[in-house]
Amino acid sequence: MPRIGTIRPTHPADIEISDLGKRYGRTDTGTLAMAGVTLSIPAGEFVCVVGASGCGKSTLLRILAGFEPGTAGTVTVAGEPVAGPDPERGVVFQDYGLFPWLSVRENIAYGPKQARLTRDVVRERTDRFLTAVGLTRFASKYPHELSGGMQQRVAIARVLANDPAVMLMDEPFGALDALTRSSLQAELSSIHRETGTTVLFVTHSIEEAVFLADRVVVMAGGASHGVPGHVREIVPITLGADRDVTSPEFNELKRHISALVHEGVAAA
């Protein structure tokens, strides 16, 4: 894919999660969905979170995004408590969330325009990230004229155009076919190396996690298992930037993480 030059976030941010818990319902008798989650993510790191359904992966991301509060512990980004949504924390979901009445270019430009940046800056950012996701030729198209993979490219570019310090991604490639998913994984990895944005990426795919991450956080438990969701283990990925999914080292990491996920389900 085309390189996008040096585009580092203005304030690359670290994330600090300490003894985080989430209880739904009454304070004393509600369902304890997650407890004791502690995690430090240095600025610029790419962290993937894996685990069985219901272990709290998406709950963790929603709390980080500011969409819902934790009920115990603390969460800070760049030293500031998370108290609600903020453009510094861009979010990409599985459903693309594009504005259907806006073109590709207009969707990407929406955030910078809302931030009242100058016309030249809006144009420069929009052009740069259109190039980054390989959609320059489709700038005037509308979402309904694009494939699912193209729409997800627009969603990623739209978040990046806001120059976020943190990017939160919840199964963004889960609905895509295998070939498109593989292509977007490679593009996201390249974009991350260029921008330096801190990324927390939730996925069910262990192979995807090993391909993308600097570290993989394995979660276990969850309300449906009768044990609060928690961090079972954090696995460092030391494969370098160019990763071969067929290599023995890659597949050994996949087997190790898969065993942790399945042991977590059994233990719960």
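Definitions and limits used
- Residues numbered from 1 in each chain as written.
- Predicted model: local features only at pLDDT ≥ 70, side-chain atom pairs only at ≥ 80, totals over all residues.
- Heavy atoms only, no water.
- Disulfide = S-S within 2.5 Å.
- Buried < 20%, exposed > 50% of the residue type's maximum accessible area, 1.4 Å probe, protein only.
- pLDDT = per-residue confidence, 0-100.
- Contact = heavy atoms within 4.5 Å.
- Phe/Tyr/Trp six-rings, centres within 6.5 Å; stacked < 30°, edge-to-face > 60°.
- Lys NZ or Arg CZ within 6 Å of the ring centre and 35° of its normal.
- Helix = DSSP H or I, 4+ residues; strand = E, 2+ residues; numbered from the N terminus.
- Pairing = 2+ DSSP bridges.
- Expected span 1.5 Å × (residues − 1).
- Arc of directions from axis to C-beta.
- Salt bridge = Lys/Arg side-chain N within 4 Å of Asp/Glu carboxyl O.

Moving on, we come to the state of the cysteines. When the sulfur atoms of two cysteines share a covalent bond, that bond is a disulfide. Throughout the structure, instances matching the rule amount to 0 disulfides. Note on Cys48: no disulfide assigned, nearest cysteine sulfur contributed by Cys55 at a separation of 13 Å. Judged by relative accessible area, which is 0%, Cys48 ranks as buried.

For the chain, mean pLDDT is 88; residues scoring 70 or higher make up 93% of the total. For residues 1-9, every residue scores under 50 in pLDDT, and the model assigns this stretch 29 contacts once sequence neighbours within four places are set aside.

We describe a pair of aromatic rings using the distance from one ring centre to the other and the angle between the two ring planes. Evaluation of the coordinates by the stated rule reveals 5 aromatic pairs. Taken together, the aromatic side chains of Phe46, Phe173 and Phe201 make up a single cluster linked through ring pairs. Taking the ring centre of Phe99 as reference, the NZ or CZ of Arg158 above it sits at 5.4 Å.

The next subject is the pairing of strand S7 (residues 166-170). The buried count for S7 comes to 5 of 5 residues, which makes it a mostly enclosed element. The alternating pattern of S7 places Val166, Leu168 and Asp170 and Met167 and Met169 on opposite faces, both of which are buried. Relative to S7, strand S6 (residues 89-93) is paired through 5 bridges, and the arrangement is parallel. Bridged to Arg89 within S7 is Val166.

To continue, consider helix H3 (residues 119-132). Here H3 spans 20 Å end to end across 14 residues, near enough to the 20 Å set by a 1.5 Å rise per residue. Among the residues of H3, Val122, Thr126, Phe129, Leu130 and Ala132 are the ones counted as buried. Looking straight down H3, one finds that the buried residues subtend no more than 155° of arc, so they occupy a single side. Remark: Gly134 follows H3 within two positions and exhibits a positive phi of approximately 70°.

This paragraph deals with the pattern of salt bridges. On inspection of all chains with the given rule, the structure shows 11 salt bridges. Glu124 is the salt-bridge partner of Arg128, the closest N and O atoms lying 2.6 Å from each other. One end of the pair is Arg128 and the other is Glu124, both in helix H3 and 4 residues apart, which spans about a single turn. You can call Arg128 partly exposed: its relative accessible area is 31%. Linked through salt bridges whose partners overlap, the residues forming this network are Lys22, Arg62 and Glu68.

For Leu168, the location among the structural elements is in strand S7. Here Leu168 falls in the buried class, since its relative accessible area comes to 0%. Taking the C-alpha atoms as reference, Leu168 lies 15 Å from His204; in sequence the two are 36 residues apart. Setting aside residues no more than four positions away along its own chain, Leu168 makes contact with Leu61, Leu64, Ala65, Arg89, Gly90, Val91, Val92 and Leu200.

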